[in-house]
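# Breakdown of the fold
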Amino acid sequence: MTKNQDRSEQYVRQVADELMEQIKAGVAPWQKPWKPGEKCIPENLATGKSYTGGNSIYLMSRGIRQGHGDNRWGTYKQIEAAGGRVRKGERGTKVLFYTDRAQTPAKDEAGQPLKDKDGKPVYEEYRRSHPVVRQYTVFNAEQADGLNLPPREAQAPTEWKAHDKAEAVMRGSGVRISHVAGDRAFYNLANDQVVLPEQGQFATANGYYQTALHELGHATGHDSRLNRKTLQEGVAQGFGSEAYAREELRAEISAMMTGQRVGVGHDGGRGAAYVENWLQVLKKEPREIYHAASEAQKISDYLTQPMRDRAAEAEKKHGELAQKYSHAAGPQISHTPSPQAKAKAQELERDASPSR
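Presented here is an overview of the structure given in this document. Keep in mind that what you see is a predicted model, and the values were worked out from it rather than measured.

The 4 strands lie next to each other as 1-2-5-4, forming an open sheet whose pairing is mixed. Where the open sheet ends on each side, the last strands, each with one partner, are strand 1 (43–44) and strand 4 (93–105). Here 2 bridges tie strand 1 to strand 2 (residues 72–74), and the two strands are oriented parallel to one another. By the bridge assignment, Asn 44 is partnered in strand 2 with Trp 73. Packing of helix 2 (residues 53–66) onto the sheet brings it into contact with strand 2, strand 4 and strand 5 (123–140), and relative to strand 4 it is tilted by some 150 degrees.

Structure (structure tokens):
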């Protein structure tokens, strides 16, 4: 094992150990309740893009541990560029960045280095045979003073808007959803069907949609969709098995991610039955949290893709109509979409944009 690999293994073990402590206390990110509109997924303060996979879960974990209310993070240089300064004594949090891309100096036919018009070297990009991992240290926005950033406050969307988005996810999933009076919610792999209690049996509409997103997360594992091994093994081995717990971990993390995207929030109470299994899995295989978070990201992206497609189509149609009527001759009544309609389409696209 190389020195870099050894450092990477130590880091992963540290992340797993910290999360195990939170799981025992019931405060791991996916175990916590998140209110509708509450910003829980960490974002980079310079780019506005969400952190993904294991980095997202670990930064949420550190934010909970350190009591941060701001979900924005950045490197020392990014904080300085935003006019801020990390306070003396503050400790950063390491995140991992995997890439298979690299650059090499470009050369001409004679084998001489190529340069651009300004005399600077030209580089060619290529893919490595194996990805490399780099570590970066980031700080939460609340660990710095003087940052020139807009205030970050949770703004709950109107209920009808959040519920409309959740319904769009359910319709776009392609999964048959049935409602049966009772107290059970589950995904039936053999029938490729989600079964939910009647809507009126839930204490709140948000609770209904949160449960639906969790079960739809399982449904993405069907072989006609993401063909997820943990779903098929979990069903085969049954409740109480490690495979079942691994699949529940993926579904619960994805429900948290999708719940923020559509605005219905997240109820972390469903995971209580799997705590011991999660602890056993992470103790034996600390990288499991990264595997689970990565697959949860794929689940959330898969479920929200149809909604993103519709938002893009609405924007395209707006442009076509605007062009059509801008060339029409003579007096006319404008039927182009209103600024409010365009803003709604852009909001749908922004809220549901895939994390990068």
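Turning our attention to the pairing of strand 5. Regular strands have side chains that alternate between both faces of the sheet. By the bridge criterion, 2 bridges tie strand 2 to strand 5 in an arrangement that is antiparallel. Note that in strand 5 the partner of Gly 74 across the bridge is Phe 139. The pairing of strand 4 with strand 5 spans 12 bridges and is classified as antiparallel. Residue pairing for strand 5: Arg 101 is matched across the bridge by Arg 127.

As a packed pair, helix 6 (residues 229–237) and helix 7 (residues 242–262) sit with axes 7 Å apart at the nearest point and diverge in direction by 135 degrees. By the criterion of interaxial angle, the relationship of helix 6 to helix 7 is oblique. In this structure, the crossing between helix 6 and helix 7 has a hand that is left-handed. Here Thr 230, Leu 231, Glu 233, Gly 234 and Gln 237 of helix 6 come into contact with helix 7, specifically with Ala 243, Tyr 244, Arg 246, Glu 247 and Arg 250.

Approximately 710 Å³ is the volume attributed to the second largest pocket. Considering the residues around the second largest pocket, the lining is formed by 25 residues, among which Thr 52, Asn 55, Leu 96, Phe 97 and Tyr 98 are closest to the centre. Elements with a contribution of two residues or more to the lining of the second largest pocket: helix 2, strand 4, strand 5 and helix 9 (288–326).

Quick look at helix 6 now. When we look at burial in helix 6, the residues that qualify are Thr 230, Leu 231 and Gly 234. When helix 6 is viewed along its axis, its buried side chains cluster within an angular range of 100 degrees and face the same direction. In helix 6, those exposed residues whose orientation departs by more than 90 degrees from the buried face are Lys 229 and Ala 236. Within two residues after helix 6, Gly 238 carries a phi angle of roughly 85 degrees, on the positive side.

Ranked by size, the top nonpolar core spans 30 residues in total, and within it Ile 23, Trp 30, Ile 57, Ile 253, Met 256 and Ile 289 carry the most contacts. Among the elements of the structure, helix 1 (3–25), helix 2, helix 7, helix 8 (275–284) and helix 9 are those that each provide at least two residues to this core. In terms of residues, this core owes the most to one element, helix 1, which gives 6 residues. The next biggest cluster of nonpolar side chains, apart from the first, holds 22 residues, and it includes Ala 168, Tyr 209, Leu 213 and Leu 303.

On to empty space enclosed by the protein. What the rule picks out here adds up to 2 cavities of 30 Å³ or more. If you add up the space inside the largest cavity, you get close to 40 Å³. Along the wall of the largest cavity there are 13 residues; nearest its centre are Lys 35, Glu 38, Gly 259, Gln 260 and Gly 265.

What follows deals with the side chain of Asp 301. The residue Asp 301 is located in helix 9 in this model. Here the side chain of Asp 301 touches Arg 261 through a polar contact of 2.7 Å, side chain to side chain.

With the rule as written, the count across this model stands at 20 salt bridges. Two residues, Arg 65 and Glu 18, come together in a salt bridge whose shortest N-O distance is 3.8 Å. Highlighted residues: Arg 65 in helix 2 and Glu 18 in helix 1, separated in sequence by 47 residues. The exposure class of Arg 65 is partly exposed, given its relative accessible area of 39%. Among the residues examined, Glu 18 registers a relative accessible area of 11% and is labelled buried. Between Glu 295 and Arg 250 there is a salt bridge, with its nearest N and O atoms 2.6 Å apart. Here Glu 295, found in helix 9, pairs with Arg 250, found in helix 7; they are 45 residues apart in sequence, far enough to count as distant. Take Glu 295: its relative accessible area is 24%, and that puts it in the partly exposed class.

The next thing to look at is the packing of aromatic side chains. Counted by the stated rule, this structure contains 10 aromatic pairs. Feature note: the residues Trp 30, Phe 239, Tyr 244, Tyr 274 and Trp 278 constitute an aromatic cluster, connected by ring pairs. Lys 32 extends its terminal NZ or CZ atom over the ring of Trp 34, reaching a point 5.2 Å from the ring centre. Arg 184 extends its terminal NZ or CZ atom over the ring of Phe 186, reaching a point 4.4 Å from the ring centre.

Reading guide: rules and limits
One numbering rule holds for all chains: residues counted from 1, following each sequence as written. For a predicted model such as this one, the threshold for reporting local features is a pLDDT of at least 70, and the threshold for listing and counting side-chain atom pairs is 80 or more; totals across whole chains, interfaces and linings nevertheless cover every residue. Side-chain figures throughout are based on the complete set of non-hydrogen atoms in the structure, without hydrogens or water. Each pair of strands is called paired provided DSSP finds at least two bridges between the two strands. Secondary structure elements follow DSSP: runs of H or I of four or more residues count as helices, runs of E of two or more count as strands, with numbering from the N terminus. Contacts are assigned to residue pairs that have any heavy atoms within 4.5 Å of one another. Axis lines are fitted through C-alpha atoms, for helices just across the contact stretch, and the angle between N-to-C directions can take any value from 0 to 180 degrees. What sets the label is the angle itself: under 35 degrees gives roughly parallel, over 145 gives roughly antiparallel, 65 to 115 gives roughly perpendicular, and the rest give oblique. Left-handed describes a crossing whose near helix is turned anticlockwise from the far helix through less than a right angle; right-handed describes the clockwise counterpart. Buried and open spaces are told apart on a 1 Å grid over the protein atoms alone, a cavity being a set of points where a 1.4 Å probe fits but cannot get out and a pocket being an open set with protein on both sides within 12 Å along at least five of seven lines. Residues with an atom within 4 Å of a point are the lining residues. Grid points are joined across faces, edges and corners, and a volume is the space filled by probe spheres set on the points. Think of it in three bands: residues with accessible area under 20% of the maximum for their type are buried, residues over 50% are exposed, and the middle band is partly exposed, with areas taken using a 1.4 Å probe on protein chains only. It is the directions from the helix axis to the C-beta atoms that the arc portrays. Definition of nonpolar core: a set of buried residues of the types Ala, Val, Leu, Ile, Met, Phe, Trp, Tyr and Cys, connected through side-chain atoms within 4.5 Å. Side-chain atoms alone can form a polar contact between residues adjacent in sequence; in general such a contact is a pair of N or O atoms within 3.5 Å, and within protein one must be able to donate a hydrogen while the other accepts it. What counts as a salt bridge is simple: a side-chain nitrogen of Lys or Arg found within 4 Å of a carboxyl oxygen of Asp or Glu. Here the aromatic set is Phe, Tyr and Trp, taking the six-membered ring for Trp, and pairing holds for ring centres within 6.5 Å; pairs whose planes are under 30 degrees apart are stacked, those over 60 apart are edge-to-face, and all others are tilted. Charge-over-ring placement is defined geometrically: NZ (Lys) or CZ (Arg) within 6 Å of the ring centre, and within 35 degrees of the ring normal.

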